[in-house]
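# Summary of the model geometry
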Amino acid sequence: MQKEDVINTAFEIVAYSGDARSNLLLALNKAQAGKFDEVDALVEEAKKSLADAHRAQTTMLTSEARGENVDITFITVHAQDHLMTTLLLKDIIGTLLDVYRRN
Amino acid sequence: MQKEDVINTAFEIVAYSGDARSNLLLALNKAQAGKFDEVDALVEEAKKSLADAHRAQTTMLTSEARGENVDITFITVHAQDHLMTTLLLKDIIGTLLDVYRRN
Amino acid sequence: MQKEDVINTAFEIVAYSGDARSNLLLALNKAQAGKFDEVDALVEEAKKSLADAHRAQTTMLTSEARGENVDITFITVHAQDHLMTTLLLKDIIGTLLDVYRRN
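Residues numbered from 1 in each chain as written. Chains lettered and ligands numbered in written order. Predicted model: local features only at pLDDT ≥ 70, side-chain atom pairs only at ≥ 80, totals over all residues. Heavy atoms only, no water.

## Examining the overall build of chain A
If you tally the helices and strands in chain A, you get three helices and zero strands. N-terminal to C-terminal, the α/β element order of chain A is α-α-α. In terms of overall dimensions, chain A has a C-alpha envelope of 50 × 20 × 20 Å along the principal axes. Expressed as a percentage of the 103 residues in chain A, the buried residues total 52%. Once local pairs closer than 6 in sequence are excluded, the contacts in chain A between residues at least 24 apart make up 79%. Summed over its atoms, the accessible surface of chain A is roughly 4,600 Å², and 47% of this surface lies on carbon and sulfur atoms. Of the charged side chains in chain A, 11 are positive and 16 negative, and the gap between their average positions amounts to 7 Å. (Helix = DSSP H or I, 4+ residues; strand = E, 2+ residues; numbered from the N terminus. Buried < 20%, exposed > 50% of the residue type's maximum accessible area, 1.4 Å probe, protein only. Contact = heavy atoms within 4.5 Å. Areas by Shrake-Rupley, 256 points an atom, 1.4 Å probe, with all protein chains shown as cover. Lys, Arg positive; Asp, Glu negative; His and termini not counted. Charge placed at Lys NZ, Arg CZ, Asp CG, Glu CD.)

Okay, structure coming up:
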């Protein structure tokens, strides 16, 4: 991949992950306020954005695995951090929402 | 470290962290289903895998600190993300399990 | 940025993020023990350390965006992981504390 493509893909990952994270945190706020009917749509929306971000990351991982040089810069590291921390949030969102559903 | 060793270590970290993460998320599922007797063994198993992953990461950090060149590639960044997000999950698993224990 | 500056900044990020994480996890312990009056100060302290760490990371991101070469080494990747996982912990600390406040 060209350096420019790598950087564009990194910004894409940051944008998609950021959208997902905002929606997941908003779902928590809604649950805290007892507005459970608004929660599911926000979580679904977040999962779609994360699927897009994941796809972009996989493109870079497979390029490298094929032997192509994928330049690692500060922004590519940052993009992966954004994605991976938001994937963790997605993995535990059910439990976090249960805090409010069970009380 | 040779590039090949760095990449092998990265895959090792991904595998150990992945095992740990699966066991921690399974522990949450068990707790949600009220099967508390199965939770502790899963968390212990996860901690062992994380200790192995942590050891592999430390090998790379100390090599670099000694002045050796440790090639940073996409997969090494990915491996560290896997480990560090799963370490966060480990740090908060007690609170997440308390969601179910207290209800 | 000179390589030495990059490495010093990375260690700064690890130190600030580590302080923040310790205080956030301690806040959880205090809440679990019912000592709610000690929680807020710990969370505030953590937010200050995270702001310092965030500032250091932004310095590196903007240097790179200006076209400067920012050497990515194992420790810079590690530092960003520390910061980004602790930022996630900060984002969900309110919900985690609610586990104990609501029970």
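## Quick word on the interface of chain B and chain A
Counting residues at the interface gives 20 residues for chain B and 22 residues for chain A. Interface of chain B and chain A: buried area, both sides summed, is about 1,900 Å²; carbon and sulfur atoms make up 67% of it. Applying the counting criterion to the chain B and chain A interface returns one salt bridge. The salt bridge partner of Arg21(B) is Asp91(A), with a shortest N-O separation of 3.1 Å. Sorting the residues of the side of chain B that touches chain A by element identifies α1 (3–32) and α3 (74–101) of chain B as the ones contributing at least two each. (Buried area = accessible area lost by both parts, 1.4 Å probe. Salt bridge = Lys/Arg side-chain N within 4 Å of Asp/Glu carboxyl O.)

## Some words on the interface of chain C and chain A
Counting from both sides, the interface comprises 22 residues of chain C and, opposite them, 20 residues of chain A. Interface of chain C and chain A: buried area, both sides summed, is about 1,900 Å²; carbon and sulfur atoms make up 67% of it. Counting the surface chain C buries against chain A, the share from its top three residues, Met84(C), Leu88(C) and Arg102(C), is 31%. The interface formed by chain C and chain A holds one salt bridge in total. At the junction of chain C with chain A, the criterion picks out seven residue pairs in polar contact (both at pLDDT 80 or more). Among the elements of the structure, α2 (39–65) and α3 (74–101) of chain C are those that each provide at least two residues to the side of chain C that touches chain A. For the side of chain C that touches chain A, a count of residues per class yields eleven nonpolar, six polar and five charged. (Polar contact = N/O pair within 3.5 Å; in protein donor to acceptor, adjacent residues only side chain to side chain. Nonpolar A, V, L, I, M, F, W, Y, C, P; charged D, E, K, R; others polar.)

## Overview of the relation of the copies chain C and chain A
The transformation that overlays chain C on chain A combines an axial shift of 0.0 Å with a rotation of 120°, and the residual RMSD is 0.0 Å. Each copy turns onto its partner about a three-fold axis. (Least-squares fit on C-alpha atoms with pLDDT ≥ 70 in both.)

## Description of the packing of helix α1 (residues 3–32) of chain A against α3(C)
Helix-helix packing is described using two parameters, namely the angle between the two axes and the distance between the axes. At a minimum axis separation of 11 Å, α1(A) and α3(C) run at an interaxial angle of 15°. One element, α1(A), and the other, α3(C), form an angle in the roughly parallel class. Where α1(A) crosses over α3(C), the two elements pack in a sense that is left-handed. Counting all contacts with α1(A), which are made through Arg21(A), Leu25(A), Leu28(A) and Gln32(A), the residues of α3(C) involved are Leu87(C), Leu88(C), Asp91(C), Ile92(C), Thr95(C) and Asp98(C). Partitioning the contact of α1(A) with α3(C) into residue classes produces five nonpolar, two polar and three charged. (Axes fitted to C-alpha atoms, helices over the stretch in contact; angles between N-to-C directions. Parallel < 35°, antiparallel > 145°, perpendicular 65-115°, else oblique. Left-handed = near helix turned anticlockwise from the far one by under 90°.)

Interpretation note: all reported values are geometric properties and have no functional meaning in isolation.
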